[in-house]
Each structure stands twice: as C-alpha cells, then as structure tokens.
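Observations on the model geometry
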Amino acid sequence: MNYNKYLKWFAVASTIGMLLILLGGALVTKTDSGMGCGRHWPGCNGQLIPDEINAEVLIEFSHRLVTGAVGIFIVVLAIWSWKALGHIRETKFLAIMAVFFLVLQALIGAAQVLWGQGDFILALHFGISLISFAAVLLLTLLIFEIDQKFDADRIHIGKRLKWHTIGVSIYSYIVVYTGALVRHTESGLVCSDWPLCRNGSFELPRNLYEWVQMGHRTAAALIFIWLAVILIHVIRHYKNQRIIYWGWTIAFILVTLQVLTGMTVVLTKLNLFIALLHSLFITLLFGLLTYMILLVYRSRLNNK
C-alpha cells in the first residue's frame, strides 16, 4: 500500500511539473524570451550555465531547466506505472504517449532555437506539450483509481454523448492551435475591442492578423456553446452518474473561465497574469476532455 502511496505522490508531482512546462512555454512566448539563450541548445549563450543573466535569459533558461527535470520525472513515472499498473489496459499506451510527446515537444523547441521555424509550425509546440500533459494526467488518474473509490469502471454513456465527447475533444485541439497561433503571430492586440474587432460593429477582418484573432474568438465561442449544449444533455440524462455529471459541469466552468480570461486579456492589453491563466484553463479543460474520452472507451467495453 505504501508503494501505491508513493506512486500517487510522484504522479501528482509529475502532473504539476507538466503544468509548469506548459505555463513556462507560454511565458517564454508572451514575454518574447525565446531567444534569451541565443542560437544555442542545450547550452545558453555558448555556456552550460550563463554568467550574464537578464529577464529574457532567466525565463528561457529556467524553462529549459524545468523541462529537463520534469522530463526525468515523466520517464520514471512511465516506467514505474508500467511495472505497477501494467495489468490495467490503458497504462502502457499512456506511458508511451507521455514520453513520446514530451521528447517531441523538446525537439521542436530545440529546432526553433537552432534554426528558427514559421509561426504556423511553432503553434503546434503548445499542442504537442498538451498531449503529453494529458497522458500524464490520465496516468495519474489511473493510479488514484487503484483504491476503487470512484465509479469510473461502472459508467454507461449513450451514443449521443459519446459522439459529443469525441467531437468536442477533437475540436478543443483546434481551439488550442488557434490560440497558440494568436501568440506566435503576435495578433493578441490587433483587435482592440471585444467581442467584435473594432468600433463595436461587424466587419470582415482586413489582414492575416485580424483573421487569426477573430478566428480564435469564433472558435472559442463555438466550443463554449457546444459545452453548454452537452451540459444541458448531461443534466437531463446523467444526474445519477456522478463522474459524468461533475466532469461535464467542471468542463463548462473551465470553458467559461477561458472565455472570461480571453476577454480580459484583450481589455487589459495583454496582462501577463491573466494571459497565463488563459493558458492554464485551456490546459485543464483539454486534460479533462481526454479523461471523458477514456470514460467513453470504458463505457463501450462495459456494454459489450
């Protein structure tokens, strides 16, 4: 039992570490610190540890250190959970996903430093890290299910909710990509008003940056409406299944906070703290949606 307890604590630490990687990457982008260490990787400005440190160097170098340390945690978690929970059908797949996408996002980050990449490729960086985070989060939830205190193995999901879950989860990744594209193309303040772009009147975007900004706002509005529709359906038909009911309730709360922080980011002219909260809420939402997909998979097995 102590073995499981230590594994739980290690999994929680790994999940928090992945959150720090995601938020650290967002901080690097939002503060334009990506070249804080110059065209050097894994060293910084030609040194293993830089002796001249300014704000950009501190942010970029700290992000690299956190990524390296957490990377070791993720590898250990993957091996540990594989050995301890290999009999649970999802464990090995999630362990591989967590490590693979963590390495992939690190390589993309290194490639950007060494050679540079276009904004549309860079926008994938956050999304790839998000997949690794989701895999680590799901591993952590599997570890906490060892005690069987939840009813996650005894749920039944109808066909309508099943397709809603799959559809909105895939769509959420599109929303994430458009948000990352806003950051990397520096389109955050191209539209000074909210929810419309300018002067409170409806006009088609005039350039690429306005298309990126308004495309993201439209995508965010649609996922808000979609999750509201799902929540109404769940309230009507799934009140007796706590994990389904509360899962979708929390998802709607997170998307509401996402929309509110997105609005506030514009109105406060890119307040850094609010912008990081904006990244945090979409990260948590995506992680939760992947868990709902896991429940759909289990429900399908239960119905066989």
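In this text the structure is predicted, and so the values were computed from the model without any measurement.

A word on the pattern of salt bridges
For the coordinates displayed, the defined rule picks out 1 salt bridge. The shortest N-O distance in the salt bridge between Glu-60 and Arg-64 comes to 2.9 Å. One end of the pair, Glu-60, and the other, Arg-64, are both in helix α2 (residues 55–85), 4 residues apart, so they sit about a helical turn from each other. Owing to a relative accessible area of 6%, Glu-60 belongs among the buried residues under this scheme.

Some words on the state of the cysteines
Disulfide: a covalent bond connecting the sulfur atoms of a pair of cysteines. Counting across every chain of the model gives 2 disulfides. One disulfide in the model links Cys-37 with Cys-44; its S-S distance is 2.0 Å. Residues Cys-37 and Cys-44 share a disulfide whose torsion about the S-S bond is about -85°; that sign makes it left-handed. A relative accessible area of 0% means that Cys-44 is categorised as buried. Here Cys-191 engages in a disulfide with Cys-197; their sulfurs sit 2.0 Å apart. Sign of the S-S torsion, about -80° for the bond between Cys-191 and Cys-197, identifies this disulfide as left-handed. Under the relative-accessibility criterion, Cys-191 is labelled buried at 0%.

Observations regarding helix α3 (residues 91–115)
Counted at 1.5 Å a residue, the expected span for α3 with its 25 residues is 36 Å, and the 36 Å between its end C-alpha atoms agrees. If you check which residues of α3 are buried, you get Thr-91, Leu-94, Ala-95, Ala-98, Phe-101, Leu-102, Gln-105, Ile-108, Gly-109, Ala-110, Ala-111 and Val-113.

Here's the deal with empty space enclosed by the protein
On inspection of all chains with the given rule, the structure shows 1 cavity of 30 Å³ or more. If you add up the space inside the largest cavity, you get close to 40 Å³. Every residue lining the largest cavity is listed: Val-175, Ala-220, Ile-223, Val-255, Gln-258, Val-259, Ile-282 and Leu-285. Listing elements by their share of the lining of the largest cavity, those giving two or more residues are α6 (208–237), α7 (242–267) and α8 (272–302). Ranked by residues supplied to the lining of the largest cavity, first place goes to α7 with 3 residues.

Some details on the UniProt feature "binding site: heme" (unreviewed entry) in the protein
Under the local residue numbering, the UniProt record ascribes the feature "binding site: heme" (unreviewed entry) to His-216 and His-278. The greatest C-alpha distance among the annotated residues, which extend across 63 residues, is 13.0 Å, indicating that they converge on a single site. Here His-216 is to be found in helix α6. Residues within four places of His-216 in sequence aside, it is in contact with Val-175, Thr-178, Gly-179, Val-182 and His-278. One polar contact links the side chain of His-216 to the main-chain amide nitrogen of Gly-179, over a distance of 3.2 Å.

A look at the UniProt feature "transmembrane region" (unreviewed entry) in the protein
When the UniProt feature table is mapped to this numbering, "transmembrane region" (unreviewed entry) covers residues 7–28, 65–82, 94–115, 121–144, 165–182, 218–236, 243–266 and 272–297. Its end C-alpha atoms 36 Å apart, residues 121–144 is made of 100% helix and 0% strand.

Section: helix α5 (residues 159–184)
The first and last C-alpha atoms of α5 sit 38 Å apart over 26 residues, in line with the 38 Å expected at 1.5 Å per residue. Glu-186 lies just past α5 and shows a positive phi near 55°.

Criteria and cut-off values
Residues numbered from 1 in each chain as written. Predicted model: local features only at pLDDT ≥ 70, side-chain atom pairs only at ≥ 80, totals over all residues. Heavy atoms only, no water. Salt bridge = Lys/Arg side-chain N within 4 Å of Asp/Glu carboxyl O. Helix = DSSP H or I, 4+ residues; strand = E, 2+ residues; numbered from the N terminus. Buried < 20%, exposed > 50% of the residue type's maximum accessible area, 1.4 Å probe, protein only. Disulfide = S-S within 2.5 Å. Expected span 1.5 Å × (residues − 1). 1 Å grid on protein atoms, 1.4 Å probe; cavity = no way out; pocket = protein on both sides within 12 Å on 5 of 7 lines; lining within 4 Å. Points joined across faces, edges and corners; volume = space filled by probe spheres on them. UniProt positions renumbered as here; feature names shortened; annotations may be inferred. Contact = heavy atoms within 4.5 Å. Polar contact = N/O pair within 3.5 Å; in protein donor to acceptor, adjacent residues only side chain to side chain.

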